[in-house]
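The chain contents come next:
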Amino acid sequence: MRYYRQYRNLYFHAPKELLARIRAMTRAATAIDVTTLSVGNVRLDTAACTLVGPEGEEHLADREFQLMELFMRNAGTRMPTDRLMLEVWGEDAPEGANVVWVYLSYLRKS
């Protein structure tokens, strides 16, 4: 009887604690990292505006970052130049469509 009284708390509370720990571990394992986008072997850190690939890490300028984020969020989707202009530069953009190609060349060099 003495052992029963001594270890009964372990018997009754251990399963609850075990379940609580399992829930906490699955919550942590299924948490979504919203600051990083990944496509293939390329990662974009949206908090730091940094592109990480097999050849290293590169900090992107504002428009380069916006273009890369748009491409990575729509991976595998064809996007015409006018959509890129609208999404990144907006409707009132004073630049012509050639600016998209200039920034694409910057991204290719990154």
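Read on for an overview of the structure. (Residues numbered from 1 in each chain as written. Predicted model: local features only at pLDDT ≥ 70, side-chain atom pairs only at ≥ 80, totals over all residues. Heavy atoms only, no water.)

**Overview of the sheet that holds strand 3 (residues 50-53)**
Pairing is antiparallel in the open sheet, where four strands are placed in the order 1-2-3-4. Among the strands making up the open sheet, the edge pair consists of strand 1 (36-39) and strand 4 (56-59). The average undirected angle you get between the axes of adjacent strands in this sheet is 20°. Across four bridges, strand 3 lies against strand 4 in antiparallel orientation. Looking across to strand 4, one finds that Thr-50 is bridged to His-59. Packed onto the sheet, helix 2 (residues 62-73) meets strand 1, strand 2 (42-45) and strand 3 and runs at close to 125° relative to strand 2. (Pairing = 2+ DSSP bridges. Helix = DSSP H or I, 4+ residues; strand = E, 2+ residues; numbered from the N terminus. Axes fitted to C-alpha atoms, helices over the stretch in contact; angles between N-to-C directions. Contact = heavy atoms within 4.5 Å.)

**So, the pairing of strand 3**
Judged from the three bridges that link them, strand 2 and strand 3 form a sheet pairing that is antiparallel. When the sheet's bridge partners are listed, Arg-43 is paired in strand 3 with Val-52. Adjacent in sequence and paired antiparallel, strand 2 and strand 3 are bridged by four residues, among which Cys-49 carries a positive phi angle near 55°. Counting the residues in the hairpin turn of strand 3 and strand 4 gives two residues.

**Overview of the environment of Arg-43**
You can see Arg-43 is positioned in strand 2. Given a relative accessible area of 44%, Arg-43 falls into the partly exposed group. With 11 residues separating them in the primary sequence, Arg-43 and Pro-54 have C-alpha atoms 9.7 Å apart. In this view, Arg-43 contacts Thr-36, Leu-37, Ser-38, Thr-50, Leu-51, Val-52 and Met-72; residues no more than four positions away in its chain are not counted. (Buried < 20%, exposed > 50% of the residue type's maximum accessible area, 1.4 Å probe, protein only.)

**Re the packing of helix 2 against helix 4 (residues 98-109)**
Their axes nearest at 10 Å, the elements helix 2 and helix 4 cross at an angle of 85°. Between helix 2 and helix 4, the angle is such that the two are roughly perpendicular. Together, Arg-63, Glu-64, Leu-67, Met-68 and Phe-71 of helix 2 and Tyr-103, Leu-104, Tyr-106 and Leu-107 of helix 4 make up the contact between the two elements. The class makeup of the residues in the contact of helix 2 with helix 4 is seven nonpolar, no polar and two charged. (Parallel < 35°, antiparallel > 145°, perpendicular 65-115°, else oblique. Nonpolar A, V, L, I, M, F, W, Y, C, P; charged D, E, K, R; others polar.)

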